[in-house]
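Below are the chains, spelled out letter by letter.
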Amino acid sequence: MYTAHISGTDATIDMVFIPAGTFVLGSPETEAERDADEGPQREITLAPFWMGRYEITYDQFAPFRYLQQDSDSAASELPFRADAVARPSPPYEDPAHGMGNQGFPAVGMTQWAALHFAKWVSDKTGDF
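Residues numbered from 1 in each chain as written. Predicted model: local features only at pLDDT ≥ 70, side-chain atom pairs only at ≥ 80, totals over all residues. Heavy atoms only, no water.

Visitor: Go over the overall build of the protein, please, and point to the residues and values.
Guide: The number of helices and strands found in the protein is two helices and five strands. Across the protein, helices and strands are ordered from the amino to the carboxyl terminus as β-β-β-β-β-α-α. Accessible surface, the protein as shown: approximately 9000 Å² in total, 57% of it carbon and sulfur. (Helix = DSSP H or I, 4+ residues; strand = E, 2+ residues; numbered from the N terminus. Areas by Shrake-Rupley, 256 points an atom, 1.4 Å probe, with all protein chains shown as cover.)

Visitor: Lay out a nonpolar patch on the surface in plain terms, naming residues and giving numbers.
Guide: Side chains of Phe23, Leu25, Leu46, Phe49 and Met51 sit close together on the surface and give an oily, nonpolar patch of about 430 Å² of accessible area. Going through the elements one at a time, β3 (21–25) and β5 (49–52) are the ones with two or more residues in the nonpolar patch. Mapped onto the elements, Phe49 comes out in strand β5. For Phe49, a relative accessible area of 34% corresponds to the partly exposed category. (Patch = residues over 30% accessible without salt bridge, like charges linked within 9 Å, V, L, I, M, F, W, Y side chains within 5 Å. Salt bridge = Lys/Arg side-chain N within 4 Å of Asp/Glu carboxyl O. Buried < 20%, exposed > 50% of the residue type's maximum accessible area, 1.4 Å probe, protein only.)

Visitor: Tell me about the packing of aromatic side chains, residues and numbers included.
Guide: Working definition: an aromatic ring pair is given by the centre-to-centre distance plus the angle between the planes. According to the stated counting rule, one finds seven aromatic pairs in the structure shown. Members of the aromatic cluster, connected to one another through ring pairs, are Phe61, Phe64, Phe117 and Trp120. (Phe/Tyr/Trp six-rings, centres within 6.5 Å; stacked < 30°, edge-to-face > 60°.)

Visitor: Residue-level account of unusual backbone geometry, with values.
Guide: In the segment running from Gly39 into Pro40, the intervening peptide bond is cis, with an omega of 5°. By the element assignment, Pro40 lies in the loop between β3 and β4 (42–46). With a phi angle near 60°, Glu33 is a residue other than glycine that sits in the positive phi range.

Visitor: Quick one: what's the story with the environment of Ser7, residue by residue and with numbers?
Guide: Here Ser7 lies in the loop between β1 (2–5) and β2 (12–18). Taking C-alpha positions, Ser7 is 9.1 Å from Gly126, a pair spaced 119 residues apart along the chain.

Visitor: Now, about the nonpolar core: what can you tell me, with residues and values included?
Guide: Formed by Ala4, Ile6, Ala11, Ile13, Met15, Phe61, Phe64, Ala106, Ala113, Phe117, Trp120 and Val121, the largest nonpolar core amounts to twelve residues. When residues of this core are assigned to their parent elements, the largest contribution, four residues, is made by helix α2 (residues 111–125). Setting aside chain neighbours within four positions, we find Phe117 in contact with Ile56, Gln60, Phe61 and Phe64. (Core = buried A, V, L, I, M, F, W, Y, C linked by side-chain atoms within 4.5 Å. Contact = heavy atoms within 4.5 Å.)

Visitor: Account for α2, with residues named and values stated.
Guide: A rise of 1.5 Å per residue sets the reference length of α2, with its 15 residues, at 21 Å; its end C-alpha atoms lie 21 Å apart and thus fit the reference within 8%. Within α2 the residues assigned to the buried category are Ala113, His116, Phe117, Trp120, Val121, Ser122, Lys124 and Thr125. Looking at the buried residues of α2, the elements they touch are β1, β2 and α1 (58–65). (Expected span 1.5 Å × (residues − 1).)

Visitor: Which residues make up α1, and what are the values?
Guide: Among the eight residues of α1, seven are classified as buried, and the element is accordingly described as predominantly covered. Residues Tyr58, Gln60, Phe61, Ala62, Pro63, Phe64 and Arg65 constitute the buried set of α1. For α1, the secondary structure elements touched by its buried residues are β2 and α2.

Visitor: I'd like a description of the packing of α1 against α2, backed by residues and values.
Guide: Where α1 contacts α2, the axes come no closer than 10 Å and their chain directions differ by 90°. Relative to α2, α1 is oriented roughly perpendicular. On α2, the residues that touch Gln60, Phe61, Pro63 and Phe64 of α1 are Ala113, His116, Phe117 and Trp120. Across the contact of α1 with α2, the residue classes break down as six nonpolar, two polar and no charged. (Axes fitted to C-alpha atoms, helices over the stretch in contact; angles between N-to-C directions. Parallel < 35°, antiparallel > 145°, perpendicular 65-115°, else oblique. Nonpolar A, V, L, I, M, F, W, Y, C, P; charged D, E, K, R; others polar.)

In structure tokens form, the structure reads like this:
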């Protein structure tokens, strides 16, 4: 495990190593109550990768969501600044709908915002 620091913020992300492996995807045709979309079975091999130990929290996502919580610093020597195309629009209401924010999982982002958050984290940490 290692902890990635998001440059220019107080946020960190605990990462765990997932080793390479192979598994069988799908269920056998002889399995009881098997649905047609559960096959055919095939062997899948994954390369090793790093993954966040926990879900991304509000505290980790907020510097990306809110410009005033971010800075231009990045892992590289060049300054980094997410622009209006990459950064999500400010929310009109509480994205958590009263379920909590600090310390809780980040909610209320689009798939597009989640993708750009991952790119932002890569630029800020220097790790892909």
